[in-house]
Amino acid sequence: QVQLVESGGGLVQPGGSLRLACAASGSIFRINVMAWYRQAPGKQREFVASITSDYSTTYADSVKGRFTISRDNAKNTVYLQMNSLRLEDTARYYCNLRHTNGISWGGPYWGQGTQVTVSS
């Protein structure tokens, strides 16, 4: 089993920054993709950013140039540096992991989420 624990959310003013972290534990295959999703009240969960185990990244258009995803493979931890935060970034942010043993993919596994509120 895989467990994901997010941290780093909070209240920030527009234009501010936050850094989220997600620590993964359990039986994790070396080849994996870790990602951040978010869900605002009354909206569907949406993709934010992802990073593969060989550090290839993908971003949603809405966060390109403002958010940076990174990871520490030794710690099985993924980070999301969020700069120039906007009111519309307010949401619960969830960590996601999928992994493969080279034959099949396992997951996705989800964390419990961490709340990010952007407000003046």
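Residues numbered from 1 in each chain as written. Predicted model: local features only at pLDDT ≥ 70, side-chain atom pairs only at ≥ 80, totals over all residues. Heavy atoms only, no water.

K.L.:
Whenever I open this one, the packing of aromatic side chains confuses me. Can you help?
P.N.:
Both the distance between ring centres and the angle between the ring planes are used here to describe each pair of aromatic rings. Taken as a whole and assessed by the stated rule, the structure comprises two aromatic pairs. For the ring pair Y37 and F47, a centre distance of 5.6 Å and an interplane angle of 75° mean the geometry is edge-to-face. Of the two residues, Y37 sits in strand β4 (residues 31-39) while F47 sits in strand β5 (residues 46-52), which places them ten residues apart along the sequence. Relative accessible area serves as the criterion here: at 22%, Y37 is assigned to the partly exposed category. (Phe/Tyr/Trp six-rings, centres within 6.5 Å; stacked < 30°, edge-to-face > 60°. Helix = DSSP H or I, 4+ residues; strand = E, 2+ residues; numbered from the N terminus. Buried < 20%, exposed > 50% of the residue type's maximum accessible area, 1.4 Å probe, protein only.)

K.L.:
What am I meant to see in the pairing of strand β9 (residues 91-100) here?
P.N.:
A regular strand carries its side chains on alternate faces of the sheet. When you tally the buried positions in β9, you get eight out of ten residues, the bulk of the element. Two strands pair when backbone bridges link them, and β4 and β9 are joined in this way by nine bridges, in the antiparallel orientation. The residue of β9 that forms the bridge with Q39 is R92. Note: β9 against strand β11 (residues 114-118), three bridges, orientation antiparallel. Its bridge partner lying in β11, Y93 is registered against T114. Sheet topology note: the β9/strand β10 (residues 105-110) ladder contains four bridges and is antiparallel. (Pairing = 2+ DSSP bridges.)

K.L.:
Please clarify how the state of the cysteines should be interpreted in this entry.
P.N.:
Here, the word disulfide means a covalent bond between the sulfur atoms of two cysteines. For the coordinates displayed, the defined rule picks out one disulfide. One disulfide in the model links C22 with C95; its S-S distance is 2.1 Å. Torsion about the S-S bond of the C22 and C95 cystine: about -85°, corresponding to left-handed handedness. Within this pair, whereas C22 is found in strand β3 (residues 18-26), its partner C95 is found in strand β9, the two being separated by 73 residues in sequence. (Disulfide = S-S within 2.5 Å.)

K.L.:
Where do I start with the pattern of salt bridges in this structure?
P.N.:
Pairing is possible between side chains of opposite charge, provided their charged atoms come close. Counting across every chain of the model gives four salt bridges. As a salt-bridge pair, R38 and D89 come within 2.9 Å of each other at their nearest N and O atoms. Here the residue R38 occupies a position in strand β4, and D89 occupies one in the loop between β8 (77-82) and β9, the gap between them amounting to 51 residues. In this pair, the class of R38 matches that of D89, namely buried. Its salt-bridge partner being R66, residue D89 comes within 2.7 Å of it at the nearest N-O pair. Of this pair, D89 sits in the loop between β8 and β9 while R66 is found in the loop between β6 (57-59) and β7 (67-72), placing the two residues 23 residues apart along the sequence. (Salt bridge = Lys/Arg side-chain N within 4 Å of Asp/Glu carboxyl O.)

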